[in-house]
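A structural walkthrough
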Amino acid sequence: MIAASFEYDAPSTLEEAIGLLQQHGEDAKILSGGHSLIPMMKLRLASPERVIDINGIPGLSYIREEGGVLKIGAVTRESELEHSELLKKKFPIFADVTKLIADPQVRNMGTIGGNLAHGDAANDHPAAMLALRATVIATGPGGKRSIPIDEFFLGFYTTALEQTEILTEIQIPVPSKGTGSAYHKLERKVGDYATAGTAVQLTINDKGICTTIGIGLTNVNPIPLRATRSEQALLNKPLTDENIAAAAQMASEDCNPSADLRGDVEYKRAMVAVLVKRMIKKAIERAK
Amino acid sequence: MNKQITVTVNGTQQTLEVEPRTLLVHMIREILNLTGTHIGCDTTSCGACTILMDDKSVKSCTVLAVQANGKSITTIEGVSTEGAMNPLQEGFKENHGLHCGFCTPGMIMRATELLVNNPNPTEDEIRWGISGNLCRCTGYNNIVKAILYASAKMRGVPTASTEPEFV
């Protein structure tokens, strides 16, 4: 399959890329890893007139910790996240997430920025970013702006990014001691989109009380979903089996999956409850 | 508008003119006539089109030829030296790692990067490592053995051809 014709630019600076976006507006698409965009173009589900390849712009690929904040450049490949020693130590959830994204070759190309900017509730990073309470940095003609992850996903393939903005960085607060995180998705085969997926990060104090909690859900809602009621049910409470089961039940009630080849609605809701329960327990283990 | 790109393919630098929409796999097969790289699913699933781009295994059906500008490409045609099989090719031959052979170039290119990153992988690591490559003949067991054989050979550990397993 061959995409419709388009013009191709490979700018070497961010300013140049933003200039091209200003010039071409809705006719242009940003190419990062390309593993969502190129398949859509081959299927002619997307036919941009112009593709702006940001892979040649230096300084968009990094993983570093600065002043209590983890900063990840948007063009950082999934395989780099998967094998990062810094992430293994402080954010084990990244290894959970990346290992389940497609396959090794796709992870050599796919980027975290593209995974988020695509605005697909079936992608795996959005739920993790909700659990980690990330902030997305967008760079546009007027400079940078911060977008809290809860304000980022607006609809089906729609995000808060303006037409002239490029997602350039993801910022995540480095959690305090006693924090654990975990992600898992149920998939029919290796590399499939999730039947359902759950990301959890939580902090437990020395009295066994849950002092922070984030729960994000993959592919069970039109947009990536925060399980708000489940979080509230556990915040400042002991993480007893009873409380966890109640929170898991709430998540399964509050999500809004659609029936497809991966399962019917009832099945997906049931799997959300199972995954929320398991991921909370795994995060608790890792918090110790 | 066509774009001029410069790529190093199997060690030789070439300057080519391509349409932006030309896929890397089409450039390799149809412009360079290197037909060892196969097109299987054309949807990023099967891995038959796997090549190395700057030493990273990628699915060339999902990369634009223009994205390879300035980069180094290795295809199955570039893995042997002076007609001698490299350890992976030898491993596939000795362990019956192929039946029809359609997936083999992609398997070998993927396994090439796998063994660079992890010279002594476990069976489990190999199975995860080739999870983006489909084989519809072998049932994978002999492919895993072939990669273990290559790993041993490359590390200088004595190798023995195993009895092929027919599943």
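Keep in mind that what you see is a predicted model, and the values were worked out from it rather than measured. (Residues numbered from 1 in each chain as written. Chains lettered and ligands numbered in written order. Predicted model: local features only at pLDDT ≥ 70, side-chain atom pairs only at ≥ 80, totals over all residues.)

As for the pairing of strand β4 (residues 56–59) of chain B
Consecutive side chains of a regular strand alternate in pointing toward one face of the sheet and then the other. All names here are of chain B. Formally: A pair of strands is treated as paired once DSSP finds two or more bridges between them. In DSSP terms, a helix is any run of H or I states spanning at least four residues, a strand is any run of E spanning at least two, and both are numbered starting from the N terminus.
For strand β3 (residues 50–53) and β4, the ladder comprises four bridges, and the chain directions are antiparallel. Along β4, the bridge assignment pairs I51 with V58. Adjacent in sequence and paired antiparallel, β3 and β4 are bridged by two residues, among which D54 carries a positive phi angle near 45°.

A short note on the interface of chain A and chain B
Defined as follows: By the criterion used throughout, residues are in contact when their C-beta atoms, derived from the backbone, lie within 7 Å. All amino acids are sorted into three groups, where Ala, Val, Leu, Ile, Met, Phe, Trp, Tyr, Cys and Pro are nonpolar, Asp, Glu, Lys and Arg are charged, and the leftover types, Gly among them, are polar.
Tallying the contact residues gives 23 residues for chain A and 22 residues for chain B. Put simply, the parts of the chain that give the side of chain A that touches chain B at least two residues each are β1 (7–9), α2 (37–42), β3 (50–53) and α6 (104–109) of chain A. The element best represented in the side of chain A that touches chain B is α6 of chain A, accounting for five residues. Of the residues in the side of chain A that touches chain B, the class split is 13 nonpolar, seven polar and three charged.

Points about the sheet that holds β3 of chain A
All names here are of chain A. For clarity, the threshold we go by: Angles run from 0 to 180 degrees between N-to-C directions of axes, and those axes are lines fitted to C-alpha atoms, restricted for helices to the stretch in contact.
Ordered by their spatial adjacency, three strands build an open sheet running β1-β3-β2, and the pairing between neighbours is parallel. Where the open sheet ends on each side, the last strands, each with one partner, are β1 and β2 (28–31). Strand-to-strand, the axes of this sheet are offset by a mean angle of 25°, without reference to chain direction. Running over the sheet, helix α1 (residues 14–24) touches β1, β2 and β3 and is turned about 165° from β3.

Distances and angles like these do not, on their own, reveal function.
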